[in-house]
Amino acid sequence: MSQWNPTARLSYWAFHANRRPSYMRFAYLQLGSDSAAEDAVDATFDSIMNEWLRMLHMDRLDAYAWTILKQRLVDRQGQRGTWPDPMDISAFEAALKEAATDRYEVLTDTIRFYSAVSRLAERQRDAVLLRYGLQCTPGEAASVMGVDEATVRSQLGQAHRRLARLLDTSAES
């Protein structure tokens, strides 16, 4: 980085400051612990730093960075040997936020929802987790994923249809 010109250095740190919070939230949702998320995101930004000068010439820099993050999450899970579903954390966090009489219902509904989400295609799952798990707007999700907002809206629409079928089917079981 010391050989970079000031513009490249500033652009990297601006990208880092802009993306790190959402990358951390997404990694936490995937990995279930602050330390695992931090390790994965740090490794992501190390890789991005190594590629930054080349990435500056890419049309879809955000998409490339998102791909690096996703690979680091897979790498981290490979080191741990397991891949917990996002429901492992989120279902219990959601239940704890509710009144005592509703906790069981919230827990079971959230587990059912995340179980269905885990059966979506990867891009649809990412869009759903960013939109509903992390409360990103479609524009924010698109920015994080490095795709057009219309792409996220399309993925969310497809995911909604698939989830409706999955949840309707599992409700009958």
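Residues numbered from 1 in each chain as written. Predicted model: local features only at pLDDT ≥ 70, side-chain atom pairs only at ≥ 80, totals over all residues. Heavy atoms only, no water.

*Asks:* When you look at the confidence of the model for the chain in this model, what are you seeing that I'm missing?
*Replies:* Low-pLDDT stretches of the model should not have their predicted coordinates read in fine detail. Averaged over all residues, the pLDDT of the chain equals 83, while 82% of them reach at least 70. Put simply, helix α4 (residues 87-97) is where the chain has its lowest mean pLDDT, 47, and helix α2 (residues 34-55) is where it has its highest, 95. Across residues 83-89, where pLDDT falls below 50, the model places 20 contacts with residues more than four positions away in sequence or in other chains. (pLDDT = per-residue confidence, 0-100. Helix = DSSP H or I, 4+ residues; strand = E, 2+ residues; numbered from the N terminus. Contact = heavy atoms within 4.5 Å.)

*Asks:* Looking at this model, I keep getting lost on the nonpolar core. Mind explaining?
*Replies:* Soluble globular proteins tend to bury their nonpolar side chains together. Counting 43 residues, the largest nonpolar core has Tyr23, Ile48 and Leu130 as its most contacted members. Every residue in contact with Leu130, bar those within four places of it in the chain, is listed here: Phe26, Trp66, Gln135, Cys136, Ala141, Val144 and Met145. (Core = buried A, V, L, I, M, F, W, Y, C linked by side-chain atoms within 4.5 Å. Buried < 20%, exposed > 50% of the residue type's maximum accessible area, 1.4 Å probe, protein only.)

*Asks:* Please explain the packing of helix α1 (residues 6-31) against α2 as it appears in this structure.
*Replies:* Angle between the axes and distance between the axes: these two values describe a pair of packed helices. Where α1 contacts α2, the two axes come as close as 9 Å, and the packing angle between them is 150 degrees. Taken together, the axes of α1 and α2 lie roughly antiparallel to each other. Both α1 and α2 take part in a crossing whose hand is right-handed. Grouping the constituent residues of the contact of α1 with α2 by class yields 17 nonpolar, three polar and five charged. (Axes fitted to C-alpha atoms, helices over the stretch in contact; angles between N-to-C directions. Parallel < 35°, antiparallel > 145°, perpendicular 65-115°, else oblique. Left-handed = near helix turned anticlockwise from the far one by under 90°. Nonpolar A, V, L, I, M, F, W, Y, C, P; charged D, E, K, R; others polar.)

*Asks:* Would you mind showing me how to read the pattern of salt bridges here?
*Replies:* Any two side chains of opposite charge can pair, on the condition that their charged atoms come close. Under the definition given, this model contains ten salt bridges. Here Asp39 makes a salt bridge to Arg76, at a shortest N to O gap of 3.5 Å. Of the two residues, Asp39 is situated in helix α2 and Arg76 in helix α3 (residues 61-80); the sequence distance between them amounts to 37 residues. (Salt bridge = Lys/Arg side-chain N within 4 Å of Asp/Glu carboxyl O.)

*Asks:* In this structure, what is going on with the packing of aromatic side chains? I would like to understand it.
*Replies:* Each aromatic ring pair is characterised by the separation of its centres together with the angle its planes make. A full pass over the atoms with the stated rule returns eight aromatic pairs. Between Phe26 and Trp66 the ring centres are 4.8 Å apart and the planes differ by 55 degrees, which places this aromatic pair in the tilted class. On the criterion of sequence distance, the pair formed by Phe26 in helix α1 and Trp66 in helix α3 is long-range, its members being 40 residues apart. These aromatic residues form a ring-pair network of at least three members: Trp4, Tyr12, Trp13, Phe15, Tyr23, Phe26, Phe45, Trp52 and Trp66. (Phe/Tyr/Trp six-rings, centres within 6.5 Å; stacked < 30°, edge-to-face > 60°.)

*Asks:* Would you explain the side chain of Gln124 in this entry?
*Replies:* If you trace the backbone, Gln124 turns up in helix α6 (residues 122-133). Residues contacting Gln124, with those up to four places away along its chain left out, are Gln155, Gln158 and Ala159.

*Asks:* When you look at the environment of Trp52 in this model, what are you seeing that I'm missing?
*Replies:* When you line up the elements, Trp52 lands in helix α2. Looking at Trp52, the relative accessible area reads 2%, which means it is buried.

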